[in-house]
Each structure stands twice: as C-alpha cells, then as structure tokens.
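# Residue-level structure breakdown
Here are the chains, one letter per residue:
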Amino acid sequence: SRLHSPFIVHSRGKAVFPNSDDEKDASIPGFGHKNIFELIEKYDVQLVSGSVESVKTSKDGYRAISRLLNVVHNVYGVDYCPLLPDISLLLLCVMPESCASSAIREMVHVSPFYFSISPVEHCACCKTFVDMIMFFFPETHATMQKIGVTKVENLAPILERFFIPIMPQHYVMRIFDCYLVEGYKAIFRFGLALIASFKSDMKCMNIKNSQMWWTVLRNFTFSPSFNFDLLKRKAYSRFGSKMRKRHNFPSRRTFARNMKLNEKWAESNVQMDYSYSMSKAKAVGIIETEHPPVMARSHAVRFDLASWLPLPLRETKLELIYSTSLHGRCLESFYKSCAHSKHTLTLIETLTPQNAKIGMYTNHTWHHDSRIYGDGSCFIFSLEPDSKKYSWSPDKKEYSFDEDQIKMRALNEQFMMSNHSFLSMGGNKDGTCGIRLNEDLSKGSSAATVTFKNAPLVGEDFQDFEVGLIEVYRFIRNIDGSPVDGNDHNVWDAVAL
C-alpha cells in the first residue's frame, strides 16, 4: 500500500507502452514464478500490536509494479530472475519508479553480483548456499537434507522471495539495505545467521517436511522476543559450531569461484522445469553511422557473438566507439574512447597467413590500473577461421569455503590488465596472456592460459603476430536506442527525479 506510483522515465515507459491502452492490457512477466500475480498482490505485515495482517497491494501499487517489471523485461532484456519481483517491490516502497528502474538497470549490468538471470545460475546459487550450510553446520545440513529443505525449489523463501515469507517487512528492509551494498553475499549471510540462531531449538522439534521448517522459522522471526540486532551481529561474525573451528565468511573471490564451478554442476545435474520465455537465437544488430563498422558487419559473426553474450545483452545492437583507422593506433586513444562504456566488445584482426580474427568481451571499463580487475563474466574468443568462446574456468580443486586453506589464485583470475604499456586478458606462470596488445596496438600475442583454459587464439604457430584493424563496440538497447551503460558520465545523472 506504500508503493510509489510516479511514471517511469518517459522514454523507457513510452517504448514499452506506446498507446495508453497497452498498459491496461499488459501482462506481468513471470521471471520464473508460476503465479506472479499471487506473489505481488498481498503481503503479510506485522502490526505494532505484534499480530500479523495480510495487506493487499493497492491498485496504484499494482500498476506501478506492472509497469516496472515490463520495462525490466522489454527494455533490459531480463526473462528469468526469481528475486526480481520482490526486489522491485522493495525498491518501490522507498523510491519512485524512475529511480527503481535505474537501480535495477545497474543491478542487471552486474547481475552475478545481485541476482541470477538464468535457471542454471539460480540452481548454482542454491547449490552454493547448501554447500555453505554443510561446511559451517554439517549436522543441521543433514537434518535439512533429510526433510528436503535443501532442494532448489524448497529454498524459495530465501533465494527466490528475499525473506519476505518468513520475516516481518521492516526487518526485510534492513537486510535489503545490506543487499544493495553486498549483493548476493548479504542474502547468504542472513540466511546462514537465521539457521545458526534457531538450529538448536529446531533440532528438538519433530519437523517432518520443508514447509514445516519454514513455518517454524517464520514463527521465530515474528515472535516479540526476536532480536534482529543479534541476528545482524551473527551475520557479520565468524560462523561455525561451538565444538568446531569457526570460520570467517567467504570472500567475494571465493564466493564467485564456487558459484562458477556450481554452474557446471547445474548444467549437467539439474533438469530445468521452469516456464519462462527465452529469446530465440538471433544475431545482435548493428548501427550504421558515417563511419561504418567493418569487423562486425558479417551476420555470422554477430550470430556467434549473440550466443556468447550475457542474456541481457542479446537484445541489443552494436555501435562502433573506437577504430584504429579512425582514432589512431595507441592505447591512450583506446582508453579515451572506452571511458564511458563498461560493457564492450573488442575485435582484433591479426596479420597472419590465416587472417585470423579474435576478440574479447569485458564488463568493466578499460583504464589505466596497476591492479588486475574485471570478473568471471569476461571472456575471450576466436571468430575466424574457427569460432569459439573461452570463458573463465576455475579448477575444481579450488572449491572450498575455508579461507585459511585457499591461496590467492592470481593466475586463474587475471581477467583484465591494462596500463600505459599494454593491455591483456588471461594469465600464465610464464607471463604469457590469452590476448595481449602492446602500447601502439601494432603487435599482439595469444597463448594458452589457466584463466580461460584456451588454446592460442591464432594457432600454435602464431602466438606472436602483427595487428591489423582493431574495433571496439558498445551495446545499444533495441527498444529505446539508449546505451546500456547510459549516455552520461555518471549513470545516476540520467535518472528523472
């Protein structure tokens, strides 16, 4: 009933609902939920008296969430994201639609940080959470597994509904504050803290199934004696049982590595049974300007690129922002042209007998930096003569939540490196890289790396090569013609308040 209802930024809303009647007739995307309408129509609210009352979402609030979710689906290209409806509702409780829309846009751009946008990612997230329970609380894990709580579909109160079915709303909002800073990590922290707080009490109860488990946990959090500040202290302290060694919460690098490894498990072990719309495979578009693109003109090239890109970027067009034939052949021009784009595709022509074409996708802005940056969403690829993508591939033996046993996996996480002398992606013990370009962008090299588990992109016989044309593209949304990273230097300047 407290949802804000100003209209979303005009250009985005108009693109989704060009006619006034379109909004009334619009259906709400499911994002992986079987009944999205029941999910957003009413909520349980704890009253001052301590009793719980079911409150129905107001008519204006329902229209606001419908507009917002349609913009996220049609403009930002998200088809599947179980957390998104509840996250949208929480945002609309404290800000107008324009701000909520821009906040979600930024979340989508770094989606592995905030939420899963495919069934595989979601199942990997659930598996990682269950593995953390087993690591910190093995006896509790055994009990949860016995009654089926550890199944993907039975973790919904936390990993699909953001604690809303099991906690009072004002406590959920406090967790949400932490989530906006920490992303998924906050959900895992508070999820483990809840289990740690009540596992002894629940052990004494005759809980027979997952529904009873969550009902009992809900009764604890809605009771007058529940202390959220104590829960928060648990969430940000060391985890483990009194009789066992207590451990720090895993670092973000460890978290990302284990999630990535569990994606491979999800692809091979989980039968996806979610009803959601997947975009049909098609080539990404291209924008023609007075300086026409060269290397991305081929439909076959753009079709391959579309199949490799993250889901939100598949409904986009490529716009040329840098070319050695237009902007000069030096790193300074390269960095300057890329300064306002986080998500970029770089295509490289190699002057070898094969005339190979290779490239790299990055989701961080290229810039001078003495440190390694980027994350596991980056990848390198070859286009010609053979077309193949090489993604980050951590080693299975690195799967652990014990920070004391995990050494820095520097070579395995050399995603992006750039300074005044060179830029590169991927690394090896001998100093070679998956792709490396020198300071005047005239020479390059490509070797097999432990980061991407790739073969030399130009072939074993041409690990060092002369560089021809280099082009960098940014992504433009199909539906409204806006760059996915925003038009302004500061993305928040574009929010209509």
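Reading guide: rules and limits
- Residues numbered from 1 in each chain as written.
- Predicted model: local features only at pLDDT ≥ 70, side-chain atom pairs only at ≥ 80, totals over all residues.
- Heavy atoms only, no water.
- Helix = DSSP H or I, 4+ residues; strand = E, 2+ residues; numbered from the N terminus.
- Buried < 20%, exposed > 50% of the residue type's maximum accessible area, 1.4 Å probe, protein only.
- Contact = heavy atoms within 4.5 Å.
- Areas by Shrake-Rupley, 256 points an atom, 1.4 Å probe, with all protein chains shown as cover.
- Axes fitted to C-alpha atoms, helices over the stretch in contact; angles between N-to-C directions.
- Parallel < 35°, antiparallel > 145°, perpendicular 65-115°, else oblique.
- Nonpolar A, V, L, I, M, F, W, Y, C, P; charged D, E, K, R; others polar.
- Core = buried A, V, L, I, M, F, W, Y, C linked by side-chain atoms within 4.5 Å.
- Left-handed = near helix turned anticlockwise from the far one by under 90°.
- Pairing = 2+ DSSP bridges.
- Right-handed = clockwise from strand over helix to strand, strands pointing away.
- Expected span 1.5 Å × (residues − 1).
- Bend = angle between axes of the 7 residues up to and from the residue.
- pLDDT = per-residue confidence, 0-100.
- Polar contact = N/O pair within 3.5 Å; in protein donor to acceptor, adjacent residues only side chain to side chain.
- Phe/Tyr/Trp six-rings, centres within 6.5 Å; stacked < 30°, edge-to-face > 60°.
- Lys NZ or Arg CZ within 6 Å of the ring centre and 35° of its normal.

A count of helices and strands for the chain gives 18 helices and 14 strands. Burial statistics for the chain: of 497 residues in total, 55% are counted as buried. Put simply, of all contacts in the chain between residues at least 6 apart along the chain, 69% involve residues at least 24 apart. Surface summary for the chain: the accessible area is close to 22,300 Å², and the carbon and sulfur share equals 51%.

This part takes up the environment of Leu-469. Turning to its location among the elements, Leu-469 is positioned in strand β14 (residues 464-477). Taking the C-alpha atoms as reference points, Leu-469 and Val-294, 175 residues apart in sequence, are found 9.0 Å from one another.

Time to look at the packing of helix α12 (residues 184-203) against helix α15 (residues 252-269). Between α12 and α15, the shortest axis-to-axis distance is 11 Å and the interhelical angle comes to 95°. In terms of axis orientation, α12 runs roughly perpendicular to α15. For the pair formed by α12 and α15, the contact residues are Tyr-184, Lys-185 and Phe-188 on the first element and Arg-252, Phe-255 and Met-259 on the second. Of the residues belonging to the contact of α12 with α15, the class tally is 4 nonpolar, no polar and 2 charged.

Residues Phe-115, Phe-162, Phe-163, Met-167, Tyr-179, Ile-187 and Phe-188 are the most contacted members of the largest nonpolar core, which totals 88 residues. Of all hydrophobic cores here, the second largest spans 30 residues; its members include Tyr-373, Trp-392, Met-416 and Leu-437.

Turning next to the packing of helix α4 (residues 59-74) against helix α5 (residues 84-92). Between α4 and α5, the least distance of the axes is 10 Å, while the angle of their chain directions is 125°. When the axes of α4 and α5 are compared, the pair comes out oblique. Between α4 and α5 lies a crossing whose hand is right-handed. Across from Ala-64, Ile-65, Leu-68, Leu-69 and Val-72 in α4, the residues of α5 making contact are Leu-84, Pro-85, Ser-88, Leu-89 and Leu-92. Residues of the contact of α4 with α5, tallied by class, amount to 9 nonpolar, 1 polar and no charged.

That bond from Glu-384 to Pro-385 is cis: its omega, 5°, falls within 30 degrees of zero. Residue placement: Pro-385 occurs in the loop between β8 (379-384) and β9 (388-391). With phi around 50°, Lys-453 is a residue other than glycine that occupies positive phi space. Within the element layout of this structure, Lys-453 appears in the loop between β13 (443-445) and β14. Note on Lys-453: relative accessible area 42%, which makes it partly exposed.

All right, on to the pairing of strand β4 (residues 316-323) then. Buried residues dominate β4, accounting for 7 of its 8 residues. Relative to β4, strand β3 (residues 285-286) runs parallel, the two being bridged by 2 bridges. Looking across to β4, one finds that Gly-285 is bridged to Lys-317. Between β3 and its parallel partner β4, the chain crosses via helix α16 (residues 299-308), and the hand of that crossover is left-handed. Summarising the sheet, β4 and β14 pair through 7 bridges and their orientation is antiparallel. Its bridge partner being in β14, Leu-318 is matched across the sheet by Phe-475.

Given a rise of 1.5 Å per residue, 20 residues ought to cover 28 Å, and the 27 Å separating the end C-alpha atoms of α12 matches this to within 8%. Maximal helix bending in α12 amounts to about 40°, located at Ser-197. Across the 20 residues that make up α12, a large majority, 16, are buried.

For the rest of this paragraph, the subject is the confidence of the model for the chain. Per-residue confidence for the chain gives a mean pLDDT of 83; residues scoring 70 or more make up 83%. Every residue in residues 488-497 is under pLDDT 50, and counting partners more than four places away or in other chains gives 16 contacts.

This next bit is on the environment of Arg-161. As for its placement among the helices and strands, Arg-161 is situated in the loop between α10 (156-159) and α11 (169-182). With relative accessibility at 18%, the residue Arg-161 sits in the buried group. When the C-alpha positions of Arg-161 and Ile-87 are compared, they lie 8.5 Å apart, and in sequence the two are 74 residues distant.

Our next topic: the side chain of Ser-482. Within the secondary structure layout, Ser-482 lies in the segment after β14. With relative accessibility at 16%, the residue Ser-482 sits in the buried group. Those residues in contact with Ser-482 that sit more than four places away from it in its chain are Phe-475, Ile-476 and Arg-477.

For helix α13 (residues 210-222), which comprises 13 residues, the first-to-last C-alpha distance of 18 Å matches the rise-based estimate of 18 Å (1.5 Å per residue) to within 8%. Among the residues making up α13, those that are buried are Ser-210, Trp-213, Trp-214, Val-216, Leu-217, Arg-218, Phe-220, Thr-221 and Phe-222. The distance from a side-chain oxygen at the start of α13 to the backbone nitrogen of Gln-211 is 3.2 Å, and the residue carrying that oxygen is Asn-209.

What follows concerns the packing of aromatic side chains. For the structure shown, the criterion picks out 26 aromatic pairs. The interplanar angle of 5° and the centroid separation of 5.1 Å between the aromatic rings of Tyr-171 and Phe-228 together place this pair among those described as stacked. Remark: Phe-228 occurs in helix α14 (residues 228-235) and Tyr-171 occurs in helix α11; sequence separation between them is 57 residues. Residues Tyr-171 and Phe-228 agree in their burial class; the two are buried. For the ring pair Phe-190 and Tyr-236, a centre distance of 6.0 Å and an interplane angle of 75° mean the geometry is edge-to-face. Note that Phe-190 is positioned in helix α12 and Tyr-236 in the loop between α14 and α15, a separation of 46 residues in sequence. Chaining the aromatic ring pairs together yields one cluster made of Tyr-171, Phe-190, Phe-198, Phe-220, Phe-226, Phe-228 and Tyr-236. Cation over ring: Arg-189 sits above Phe-249, and NZ or CZ is 4.6 Å from the ring centre.

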